[in-house]
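# Analysis of the macromolecular model
For reference, the chains in residue letters:
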Amino acid sequence: MIPSDIHAVLQWWLIILLLGSGFLPLTFLLFDKFFDRGYIFSKIFGIAFTSYAIFLLGVLHIAPFNQLFSIIIFLVISAWFFALSPIRLELISILKSNLKIFIFEELLFLAALFFWAYIHTFNPDIHGLEKFMDFGFINSLLRSNYFPPKDMWFTPYPINYYYFGHLSTAVLTKLSGVPARITFNLMLSTIFAFCLSETFSLGANLYVFMQNNKKVSLIKSFVTGLLTASLVTFSGNLHILYTFFKPYTGENPVPLWQLPFMPFSFPNSYWYPNATRFIHNTIHEFPIYSWVVADLHGHVLDIPFVLLTVAVLLSIFISKSETSPATLNANNKHSLNLKYFNFDIVSSLNIKIPYLLLIGFLLAIMYMTNAWDGGIYLLLASLVLFSLYYKRLSTFFFSLFVVFISLIAFSMPYSYFFKPFASGIGVLCAPNFLTKIGKLGPFLFEKEHCQHSFWWQLLILYSFFYFFVISFGIFAYRAKKFLKTDIFIFLLIILSTFLIILPEFIYLKDIYPAHYRANTMFKLVFQSFIMLSISTGYIITRIVSNIRLKSLRAGKKVLFISYLLLVSGLISLVLTYPFLAIRSYYGDLKTQKNLDGTVYLQTLYPYDYEAISYINKNIKSQPVILEAQGDSYTDFGRISANTGLPTVLGWTVHEWLWRGTYDIPAPRIDEIKIMYETQDLNIAKNLLKKYKITYIFIGSMEFQKYPTLSEPKFQKLGKLIYQNQNTKIYKISY
């Protein structure tokens, strides 16, 4: 990495470190039974609370979104949490007694941040797939004084998408002072680092809780944490087995037994995206694929918040135990007495309202970042609360009510401006008599909507996890004793299994005709993969740590060793995926560039690159700019995406999805064509006024899209403010 990239990473990391430091009192309070006091989660709290406060004040038009106010808001919120914290006087003692653990987790986070930033230097381009969309959201947010932010591809409307994660990126960009063209890649690296470090903490703490009041080895807990982190962050699925067989063609997968076995030709031209498109017309991604292809989507941006929520639910679940937590070799002398945080409305219910409000807040953050996750983890919260209060149903229902109401309340500033895309719940393979009805309440019964996954496809995708789930079931049956952590893991498995099965029966209706259940499966099984990976790390450790090899008879010893070899083989298989995927996407790591995601423009569109630089330097706020309109996943919309200036229409299919009907964006296609091609001054002027257009961009793609482009009218309607060869920008004056 070049020195400027190293400096940018350190500058970015320092801001995250400071954000986390401000929320250590809250973190130590909530994770008082975690052996590491939940240290790494303080950073997520800092990002979540600071971003939400900036968002709320921006929606209410109380404070503009700029660097100064962002700093002030962070300082005020962190000071407020510090002042209210009952352990503020213990902070120094907690830091001293846990310093080695905190340093290890901080170094783990920093190393992961540098590692994935280094990987990105081999293909940093914010180009291809849906990167224009994500980058455009971030740039629009950065230009916004108040919220909701403007849709850069559909003036004058606000973004109708899940943009809170993009807002968090914009907040970190403002605070750090690092340009967005670099922070796009830094945020992807940061989410990778959070995933690795958060799952390390979860895995290590689950191991400690597993020991049930026994002193445990620090090394063993760290090994368990690293195993869990590796499975969540790096593992693929057993589709990797296809590397040992002759490749199937295109999008037509076949069972392994129908392909020639070619082990000596590994990896047999293996195409890594196939592991996420194995079931026809669906998507079933997992984190390592998302890291590799580097789209900064909501489901990726939400990973740190998802893992924080799982950790909070685990903390609440464990805190209800009658037993105290297991200790490491050095006892924790500063375990928090929960009486400080016990605002019970009815003492007999023993409900800690702030915990419930926090869960609702985190669910709202997830909903605003990736709506599906809000619903998924509401289900997990419901399972956890039910397992705690099933003997007192009134307590359970009250707790769930508080969580749900707080979710609604905290997400209201976002929901007020947001219109959901889904138009109903589709039922797969509905009987003919129901398809004649068509719709019954929210349920849709559509003809020729009958897709199911083959059993061998599900086996390939999920048998890795369910091998361990079955092992865990057998182990639990023979042990006839459940730990608190066992129950928590069973809850993760139950929910994950439900999410995998659900897309075989229903789907949420969107605009895609052939891929009607793709998005439903995608969003549900992505979370299943995360929860099952956490569960697998726990299960392996739970089983292995309870077997005393020396005490086994010869037959059982051989059986157990065979089991360990099988486990090692399976883990090796799924951890092979990143080596193939990274090598493919990042060009075998041979040609290193830097972290600037816009440098590719210098090669593909050099004059556009210079013009974009001019716009970002000289044009403030968000005046409307006219540029050529084009299809989704093309290079059209490049000016608005790279500057955050709103245009009349960008990627049409995306706007069709976000607006609910093609009829809304469609008329603008011809209007843009008219504005560029008409020679009639009045027609052009009226359309320019209609959309309040201030700037006209003319470049190579405009000439390509509109071959009869008429430029003289723009000279009469305004003045030329930028020219580089045939690339020009006009400023319109009415």
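About the thresholds
Residues numbered from 1 in each chain as written. Predicted model: local features only at pLDDT ≥ 70, side-chain atom pairs only at ≥ 80, totals over all residues. Heavy atoms only, no water. Patch = residues over 30% accessible without salt bridge, like charges linked within 9 Å, V, L, I, M, F, W, Y side chains within 5 Å. Areas by Shrake-Rupley, 256 points an atom, 1.4 Å probe, with all protein chains shown as cover. Salt bridge = Lys/Arg side-chain N within 4 Å of Asp/Glu carboxyl O. Lys, Arg positive; Asp, Glu negative; His and termini not counted. Charge placed at Lys NZ, Arg CZ, Asp CG, Glu CD. Helix = DSSP H or I, 4+ residues; strand = E, 2+ residues; numbered from the N terminus. Buried < 20%, exposed > 50% of the residue type's maximum accessible area, 1.4 Å probe, protein only. Phe/Tyr/Trp six-rings, centres within 6.5 Å; stacked < 30°, edge-to-face > 60°. Lys NZ or Arg CZ within 6 Å of the ring centre and 35° of its normal. Pairing = 2+ DSSP bridges. Axes fitted to C-alpha atoms, helices over the stretch in contact; angles between N-to-C directions. Contact = heavy atoms within 4.5 Å. pLDDT = per-residue confidence, 0-100. Disulfide = S-S within 2.5 Å. Polar contact = N/O pair within 3.5 Å; in protein donor to acceptor, adjacent residues only side chain to side chain. Parallel < 35°, antiparallel > 145°, perpendicular 65-115°, else oblique. Left-handed = near helix turned anticlockwise from the far one by under 90°. Nonpolar A, V, L, I, M, F, W, Y, C, P; charged D, E, K, R; others polar. Core = buried A, V, L, I, M, F, W, Y, C linked by side-chain atoms within 4.5 Å. Expected span 1.5 Å × (residues − 1).

On the surface, a cluster of positive charge is made up of Lys214, Lys220, Lys481 and Arg548. Following the sequence through the fold, Lys481 ends up in the loop between α18 (455-479) and α19 (484-501). Using a relative accessible area of 53% as the deciding quantity, one classes Lys481 as exposed.

This part takes up unusual backbone geometry. The step from Phe147 to Pro148 runs through a cis peptide bond, and the omega angle for that step is 5°. Tracing the backbone shows Pro148 in the loop between α7 (131-143) and α8 (164-176). A cis amide bond links Phe266 to the next residue, Pro267, at an omega of 5°. Tracing the backbone shows Pro267 in the loop between α10 (218-234) and α11 (287-293). In this structure, Glu448 is a non-glycine residue whose phi angle is positive, near 55°. Mapped onto the elements of the fold, Glu448 is located in the loop between β3 (443-444) and α18.

Attention now moves to the packing of aromatic side chains. Per the stated rule, a full pass over the model turns up 82 aromatic pairs. It is Lys484 that lies over the ring of Phe317; its NZ or CZ is 4.6 Å from the centre. Cation over ring: Lys713 sits above Phe714, and NZ or CZ is 4.4 Å from the ring centre.

Right, let's talk about the sheet that holds strand β7 (residues 718-724) for a bit. With respect to topology, 4 strands assemble into an open sheet ordered β5-β6-β8-β7, the strand pairing being mixed. Strands at the two margins of the open sheet, each flanked by one partner only, are β5 (624-626) and β7. Averaged over all neighbouring strand pairs, the angle between strand axes comes to 25°, with direction disregarded. Note that β5 and strand β6 (residues 693-698) share 3 bridges and pair parallel. Across the sheet, Leu626 pairs through a bridge with Ile696, a residue of β6. Sheet strands touched by helix α27 (residues 666-677): β5 and β6. Its angle to β6, the strand with the most contacts, is close to 75°.

Once that is clear, we can look at the confidence of the model for the protein. Caution is warranted with low-pLDDT regions, since their predicted coordinates should not be read in detail. Looking at the protein as a whole, its pLDDT mean stands at 93, while 96% of the residues score no less than 70. Contacts from residues 322-349, a stretch scored under 50 in pLDDT, to residues over four places away or in other chains number 66 contacts.

Within this structure, the stated rule accounts for 1 disulfide. Disulfide partner of Cys429: Cys450, at an S-S distance of 1.8 Å. Handedness here is read from the sign of the S-S torsion; for Cys429 and Cys450, about 90°, the answer is right-handed. One end of the pair, Cys429, is in the loop between β1 (425-427) and α17 (432-437); the other, Cys450, is in the loop between β3 and α18, and 21 residues separate them in sequence. Taking the relative accessible area as the measure of exposure, Cys429 reaches 29% and is therefore partly exposed.

Mapped onto the elements, Thr282 comes out in the loop between α10 and α11. Looking at Thr282, its side chain comes within polar contact range of the main-chain oxygen of Ile279, at 2.7 Å.

Moving on, we get to the environment of Phe104. When you line up the elements, Phe104 lands in helix α6 (residues 99-120). Residues Phe104 and Leu383 lie 279 residues apart in sequence; the distance between their C-alpha atoms is 33 Å. With residues near it in sequence (within four places) discarded, Phe104 still touches Phe200 and Phe222.

To continue, consider the packing of α19 against helix α20 (residues 518-545). For any two helices packed against each other, the geometry is given by the interaxial angle and the distance between the axes. Packing of α19 against α20 brings their axes to within 9 Å, and their N-to-C directions diverge by 150°. One finds that α19 runs roughly antiparallel with respect to α20. In this structure, the crossing between α19 and α20 has a hand that is left-handed. On α20, the residues that touch Thr485, Asp486, Ile489, Leu492, Ile493, Leu495, Ser496, Leu499 and Ile500 of α19 are Leu524, Val525, Gln527, Ser528, Met531, Leu532, Ile534, Ser535, Tyr538, Ile539 and Arg542. Grouping the constituent residues of the contact of α19 with α20 by class yields 13 nonpolar, 5 polar and 2 charged.

Now for α27. All of the buried residues along α27 are Ala666, Arg668, Glu671, Ile672, Met675, Tyr676 and Glu677. Looking at the packing, one finds that the buried side of α27 touches β5, α28 (681-690), β6, α29 (700-705) and α30 (712-717).

A word on the nonpolar core. With 242 residues, the main nonpolar core has Phe45, Tyr577 and Ile696 as its most contacted residues. Apart from the residues lying within four places of it in its own chain, the contact partners of Tyr577 are Gly236, Ile240, Tyr270, Tyr272, Pro273, Ala275, Phe286, Ile288 and Tyr289. One finds Phe28, Leu29, Tyr39 and Ile94 within the second-largest nonpolar core, a separate group that totals 8 residues.

Turning our attention to the environment of Gln723. Along the polypeptide, Gln723 turns up in strand β7. Gln723 sits 715 residues away from Ala8 along the chain, and the two C-alpha atoms are 32 Å apart. Within the structure, the side chain of Gln723 is placed 3.3 Å from the backbone oxygen of Gln725, a separation counted as a polar contact.

Within this structure, the stated rule accounts for 17 salt bridges. Residues Lys509 and Glu446 are paired through a salt bridge, measuring 2.8 Å at the closest nitrogen-oxygen approach. Taken as a pair, Lys509 in the loop between β4 (506-508) and α20 and Glu446 in the loop between β3 and α18 lie far apart in primary sequence, 63 residues in all. In this structure, Lys509 and Glu446 share a single accessibility class: buried. In this structure, Arg517 engages Glu504 in a salt bridge whose closest nitrogen and oxygen atoms are separated by 3.3 Å. Within this pair, whereas Arg517 is found in the loop between β4 and α20, its partner Glu504 is found in the loop between α19 and β4, the two being separated by 13 residues in sequence. According to the relative accessible area criterion, Glu504 is buried, its value standing at 10%. Here the residues in one salt-bridge network are Asp608, Glu627, Arg638 and Glu702, joined through shared partners.

Taken together, 4 strands build an open sheet; the order of strands is β2-β3-β1-β4 and the sheet is mixed. Lying at the two open borders of the sheet, with one neighbouring strand each, are β2 (439-440) and β4. Across 3 bridges, the pairing between β1 and β4 is antiparallel. Directly across from Gly426, in β4, lies its bridge partner Tyr507.

Further remarks concern α20. With 28 residues, α20 should cover 40 Å at 1.5 Å per step; its first-to-last C-alpha distance of 40 Å lies within 8% of that length. Burial analysis of α20 places 25 of its 28 residues in the buried class, which makes it a mostly covered element.

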